[in-house]
Amino acid sequence: MQVVVAGASGFLGKHLVDALHQRGHTVTKLVRRDPAADDESRWDPANHRVDAQVIEVADVVVNVAGSPTIGNPHSQKWAHRLRESRVTTTRTLAEAIAASSRKPSFLAGNAVAIYGDHGPQQVTEDGDSRGHSLMTEVTREWEAAAAPARDAGVRVCVLRTAPVLDGTSEPLRSLRRLFWTGLGGKVGSGHQYFPVISLRDWLGGVVHLAEHEDAGGPINLCCPETPTNAEFTRSLARAVSRPALIPVPSPLIRIGAGPLASELLGSINLVPQALIDAGYEFRDRDVTAVIAAGLAQAR
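Some details on the overall build of the chain
Phase 1 of the analysis: What the chain contains, in helices and strands, is 12 helices and 12 strands.
Phase 2 of the analysis: Taken over C-alpha atoms, the radius of gyration comes to 19 Å for the chain, in line with the 19 Å a tight globule of 299 residues would show.
Phase 3 of the analysis: Each principal axis of the C-alpha distribution contributes one length, and for the chain these read about 55 × 40 × 35 Å.
Phase 4 of the analysis: For the chain, with 299 residues in total, the buried portion stands at 52%.
Phase 5 of the analysis: Considering only residue pairs separated by 6 or more positions, the chain has 77% of its internal contacts joining residues 24 or more positions apart.
Phase 6 of the analysis: About 13500 Å² of surface is accessible on the chain, with carbon and sulfur atoms providing 51% of the total.
Phase 7 of the analysis: Charge separation in the chain, taken as the distance between the mean sites of 31 positive and 32 negative side-chain charges, equals 8 Å.

See below:
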């Protein structure tokens, strides 16, 4: 297949390009500078510009572009970039795909924050979107930006991604250091469900979706057995052979995390039902396996 990847210079994008190459696919990377190689094409999402011919010859377009989610949650500038970098890239690609004659499939990045707080209730892709936290509002606009492609009859997979745990990147890299010093602990009550996924299952799931045209719509990218925050804390503490004795009180989270506090204190007992139904077989089904796979990459 010919696959176009936006966000190829980021952590997930780099690994995705490698995974696609390993499967024998040809990849064109969209870049915001002058191309430095034959497999690059310049685009300008802020001005809705992308090479129409690059889209025309593609079988699949994947968007994992966006500014870092780790930043100052009290900064309006950071929040604006968080929103705009995702909405504009998605809309630019959706419009270009809709205008093409071949209509390649569109795998549009997103996040599990779209669901909001559902407590202990299990949530599949049919779950509703609740609340008005910063990330929940961003993900709604992010998903809506793919509408031109959906309206044109394109197969659109919305990649509702849980935190991807890999020891070479955030958030696991920082958490590993914190727990190693003995400062790790549960967040708030610890009863809230906290969906996660290993890097290899995120890559495997996305490549599976690229290769199988029968899957479409929202896709939860998380491990099949979602842990609570307390279970995640215990698993990580055991993995680094350290105690986890210092909980972070909810009021402190609300002060420090500001508009992102609900992402830490809210609960999403998520199930990747669409990916399971599409025939993908997870390698890391629970939090212990996810953390083990992530830490193995850090050694």
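Continuing now.
Notes on the side chain of Glu143
Phase 1 of the analysis: Within the secondary structure, Glu143 sits in helix H4 (residues 134-144).
Phase 2 of the analysis: With residues near it in sequence (within four places) discarded, Glu143 still touches Asn110, Ile114, Arg150, Val158 and Arg160.

Let's talk about unusual backbone geometry
Phase 1 of the analysis: With an omega of 5°, the peptide bond running from Glu170 to Pro171 counts as cis.
Phase 2 of the analysis: Relative to the assigned elements, Pro171 resides in the loop between strand E9 (164-165) and helix H6 (172-180).
Phase 3 of the analysis: In the Ramachandran plot, Lys103 falls in the positive-phi region, its phi being about 55° despite a non-glycine side chain.
Phase 4 of the analysis: Checked against the element boundaries, Lys103 lands in the loop between helix H3 (76-99) and strand E6 (105-111).

Points about the nonpolar core
Phase 1 of the analysis: Grouped together as the largest cluster of nonpolar side chains are 29 residues, with contacts concentrated most on Leu16, Leu107, Trp202 and Leu209.
Phase 2 of the analysis: When residues of this core are traced back to their parent elements, those giving at least two are strand E1 (2-6), helix H1 (11-22), strand E5 (60-63), strand E8 (156-161), helix H7 (199-211) and strand E11 (217-221).
Phase 3 of the analysis: When residues in this core are grouped by element, the largest group, 7 residues, is from H7.
Phase 4 of the analysis: Not counting chain neighbours up to four residues away, the residues in contact with Leu209 comprise Leu107, Arg155, Cys157, Leu159, Ala215, Ile219 and Leu275.

Description of the state of the cysteines
Phase 1 of the analysis: One pass over the full model with this rule turns up 0 disulfides.
Phase 2 of the analysis: Between Cys222, a cysteine without a disulfide, and Cys223, which holds the nearest cysteine sulfur, the sulfur-to-sulfur distance is 6.2 Å.

Conventions adopted
Residues numbered from 1 in each chain as written. Predicted model: local features only at pLDDT ≥ 70, side-chain atom pairs only at ≥ 80, totals over all residues. Heavy atoms only, no water. Helix = DSSP H or I, 4+ residues; strand = E, 2+ residues; numbered from the N terminus. Rg over C-alpha atoms; globule rule 2.2 N^0.38 Å. Buried < 20%, exposed > 50% of the residue type's maximum accessible area, 1.4 Å probe, protein only. Contact = heavy atoms within 4.5 Å. Areas by Shrake-Rupley, 256 points an atom, 1.4 Å probe, with all protein chains shown as cover. Lys, Arg positive; Asp, Glu negative; His and termini not counted. Charge placed at Lys NZ, Arg CZ, Asp CG, Glu CD. Core = buried A, V, L, I, M, F, W, Y, C linked by side-chain atoms within 4.5 Å. Disulfide = S-S within 2.5 Å.

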